[in-house]
Amino acid sequence: MKARRNKKQIPSFRKLLKTSKVKLENKLKNKQFKQQSTLKKYRKEQRKLRQAVKDAVSKRPIPLEDPKGKRPGKRIEREEEEEEEALPLDMMDEDDLQLMKDLGQRASFLTRDLSSSEPVHVKKRKREHIIEKYEKIPRALQTAPEKELIHLLPIKDKSGIIPQTREKPVIDSNQDEEDQEEVELEEEIIEDPVRELTLEEHLTERKKKLQEKKMHIAALASAILSDPESNIKKLKELRSMLMEQDPDVAVTVRKLVIVSLMELFKDITPSYKIRPLTEAEKSTKIRKETQKLREFEEGLVSQYKFYLENLEQMVKDWKQRKLKKSNVISLKAYKGLAEVAVKSLCELLVALPHFNFHNNIIVLIVPLMNDVSKLISEMCCEAVKKLFKQDKLGQASLGVIKVISGFVKGRNYEVRPEMLKTFLCLRIKEIEVKKDTEDINKPKKFMTFKEKRKTLSRMQRKWKKAEEKLERELREAEASESTEKKLKLHTETLNIVFVTYFRILKKAQRSPLLPAVLEGLAKFAHLINVEFFDDLLVVLHTLIESGDLSYQESLHCVQTAFHILSGQGDVLNIDPMKFYTHLYKTLFKLHAGATNEGVEIVLQCLDIMLTKRRKQVSQQRALAFIKRLCTLALHVLPNSSIGILAINRILMHTFPKTDLLLDNESQGSGVFLPELDEPEYCNAQNTALWELHALRHSVPSDAMSAPGIRTGEPRAAEKRNMRT
């Protein structure tokens with residue numbers, strides 16, 4: 001016979017399936033057993049509680065002896081049988097017998113059996129003797145508590161599957177609680193009372209702690225600066241110090257950490273924006289140097305994000321003025337922390353406009369420009385102005401302008417004028433004009449293959465192909481695309497600025513923002529589309545005639561109108577005589593005090609109205625303005641009168657025939673009417689500039705300018721006088 005080989009049989013799928021079913025059944029049994037055991041315990045306790053309450057409330061005391069003596073026959077027989085078994089009454093004294101009777105009559109709550117389960121309706125049942133009833137109550141045996149079983153994996157043998165169980169160990173929770181209480185009591189006894197420090201000792205201790213924290217911050221910052229890629233994890237350790245919990249040095253340490261982190265990010269941040277990696281890039285194998293750089297970039301972006309969130313939370317805590325659970329910092333200290341946080345945000349806004357989360361910083365800074373605190377508002381406005389001045393491309397400026405425009409509109413134009421005055425710092429000198437760019441800067445088109453085949457030989461086509469390739473490379477090197485992008489960004493930015501200005505002119509004409517709007521329109525008027533010129537001039541004249549504007553605001557209106565007309569408005573057939581009349585009429589309203597308010601705007605208006613538009617200005621108008629300006633120079637302070645005499649000299653050089661004002665003889669008919677507000681009809685040719693003689697003797701500095709007008713010196717004298 002051949003010996004059978006003992007081969008290990010691989011279990012079939014059915015057996016495996018059967019085993020898995022047994023496991024599931026055991027789990028289900030364990031779960032059901034636990035539920036049943038807990039339900040049993042709960043029902044048992046509830047049953048005992050209800051029974052005790054019923055017995056205590058509704059059960060009546062049963063007298064030991066029937067006072068009325070009315071007993072049924074069967075009850076008498078039972079009592080006689082029990083009396084035979086009990087002690088005879090003859091053996092008891094009369095006093096004891098009388099005491100027993102009295103106790104039976106005065107049965108109270110003490111004689112009730114609370115452990116019995118007799119129902120409330122006792123009258124319906126036959127009364128039984130107390131002793132007999134007590135004997136019938138089942139005795140409660142002290143049984144061991146039912147142990148919980150845990151079903152384990154079954155064992156399989158020849159006979160079949162054998163289930164396995166194990167008792168669940170019982171943990172004595174009461175003993176553990178007692179031990180824990182004893183340990184706590186021992187710790188309380190061991191601790192010695194803390195000695196109270198004097199003020200001097202407290203200050204010395206605080207100085208020592210602060211010095212240790214400073215050294216720790218300096219060590220971390222130096223390590224990060226020395227090797228940012230290797231020590232990027234220390235940024236997290238340094239940022240964790242923003243949550244300093246020591247109340248003695250918490251405020252100072254947090255301020256130091258905020259400033260240190262701000263300077264660190266300015267130094268170690270790369271000059272490009274870090275984008276998140278794609279799934280394909282993460283799965284590809286890379287060199288160790290590249291992997292180290294990626295880890296550095298990811299750590300830097302994450303820590304920078306958390307740092308900005310911490311700064312935002314500090315500003316919010318100060319705004320809400322709510323104490324946190326850990327009263328480490330007082331409400332007064334919140335303001336100092338918020339100021340340092342805002343200053344850091346402003347620095348990052350200006351220093352890192354190319355890096356990640358720049359738009360988030362803009363969203364934080366713009367509402368603070370309108371803050372109640374003057375310090376924070378000025379800080380944010382100065383940061384935005386600095387950003388506008390240094391932004392050459394225009395990407396960051398566009399983001400700020402969008403947020404400011406939306407904020408002003410959302411607040412219904414009730415914001416600080418300083419917010420709109422920041423627009424004056426925009427570096428916008430040219431915008432994209434579709435007609436001009438299509439005519440002048442037409443993109444060069446390369447020849448197609450069919451055109452080359454028709455007109456060029458084989459060798460010429462080869463040279464043409466190389467030439468076109470070289471031109472493409474040169475175009476990329478010259479960054480012509482960036483120039484086009486810059487024009488597009490500037491155009492979009494200016495459109496948003498003008499939309500904001502026009503909304504305020506239309507809806508909030510009495511707003512304190514109007515001077516800033518008019519000043520901005522005066523600066524960017526040469527870039528406004530020609531289609532808006534007529535409507536804008538009508539609005540400006542309406543504002544002037546309304547009389548609601550201050551003198552300086554009306555001067556801004558005049559300046560804006562002539563800026564519009566001096567640029568693209570030359571092609572329009574518009575007569576600005578009403579603006580000339582308004583300026584001539586209001587010249588004597590100029591402030592004559594030490595502030596010299598409006599003098600600069602008046603000189604700018606006169607330059608653009610008379611000098612730059614010399615061909616559209618009549619001689620009568622020029623004479624009237626020169627005469628009135630000389631009269632005005634007698635009323636203002638010396639520094640203002642120098643500027644007025646300088647512009648007078650320029651006008652007399654621009655209009656040579658006005659030198660007749662230096663003669664005493666009158667020209668033509670009529671009498672000079674100085675009180676008339678129309679410069680064309682005041683007969684200024686019939687007067688003389690006698691004010692120059694008075695100005696020579698009033699102030700020595702004025703004497704340097706007045707003779708220059710009379711003698712006709714070159715313009716170098718004018719520049720010399722302006723410097724003095």
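Residues numbered from 1 in each chain as written. Predicted model: local features only at pLDDT ≥ 70, side-chain atom pairs only at ≥ 80, totals over all residues. Heavy atoms only, no water.

Per an unreviewed UniProt entry, the recorded name for the protein chain is Nucleolar complex protein 3 homolog, and the organism is Equus asinus. Recorded in UniProt under Sequence similarities (unreviewed entry), the annotation for the protein chain is "Belongs to the CBF/MAK21 family." Looking at the protein chain in UniProt, the text filed under Subcellular location (unreviewed entry) is "Nucleus, Nucleolus". (UniProt positions renumbered as here; feature names shortened; annotations may be inferred.)

Q: What should I look at first to understand helix α14 (residues 395-410) in this one?
A: Residues spaced three or four apart along an α-helix point in a common direction, a consequence of the helix completing one turn every 3.6 residues. Here α14 is 16 residues long and its end C-alpha atoms lie 23 Å apart, about the 22 Å a rise of 1.5 Å per residue gives. Those residues of α14 not exposed but buried are Ala396, Ser397, Leu398, Gly399, Val400, Ile401, Ile404, Ser405, Phe407 and Val408. (Helix = DSSP H or I, 4+ residues; strand = E, 2+ residues; numbered from the N terminus. Expected span 1.5 Å × (residues − 1). Buried < 20%, exposed > 50% of the residue type's maximum accessible area, 1.4 Å probe, protein only.)

Q: Could you clarify how one ought to interpret the pairing of strand β1 (residues 149-156) in this entry?
A: If a strand is regular, its side chains alternate between the two faces of the sheet. Alignment of β1 against strand β2 (residues 161-167), held across six bridges, turns out to be antiparallel. Each residue of the ladder has a partner; that of Ile150, found in β2, is Arg166. Joining the antiparallel neighbours β1 and β2 is a turn of four residues, in which Gly160 adopts a positive phi near 140°. (Pairing = 2+ DSSP bridges.)

Q: Any chance you could explain the packing of aromatic side chains here in plain terms?
A: Two numbers describe a pair of aromatic rings. These are the distance of the centres and the angle of the planes. Tallied over the full model, the rule gives nine aromatic pairs. Between the aromatic rings of Tyr304 and Phe355, the centroid separation amounts to 5.3 Å while the plane-to-plane angle is 65°, which identifies the pairing as edge-to-face. With Tyr304 in helix α10 (residues 288-320) and Phe355 in the loop between α11 (331-351) and α12 (358-368), the pair connects residues that are 51 residues apart, well separated along the chain. Here Phe498 and Phe502 contribute two aromatic rings whose centre-to-centre distance is 6.0 Å and whose plane-to-plane angle is 10°, an arrangement assigned as stacked. A residue pair is termed a helical-turn pair when its members lie 3 or 4 positions apart in one helix, as Phe498 and Phe502 do in helix α19 (residues 480-507) at four residues. The class for Phe502 is partly exposed, based on a relative accessible area of 23%. An aromatic cluster is defined as three or more aromatic residues linked by ring pairs; in this entry it consists of Phe265, Tyr304, Tyr307, Phe355 and Phe357. Across from the ring centre of Tyr580, 4.4 Å away, lies the NZ or CZ of Arg621, which sits over that ring. One Lys or Arg, Arg628, reaches over the ring of Tyr584 and ends 3.9 Å from the middle of that ring. (Phe/Tyr/Trp six-rings, centres within 6.5 Å; stacked < 30°, edge-to-face > 60°. Lys NZ or Arg CZ within 6 Å of the ring centre and 35° of its normal.)

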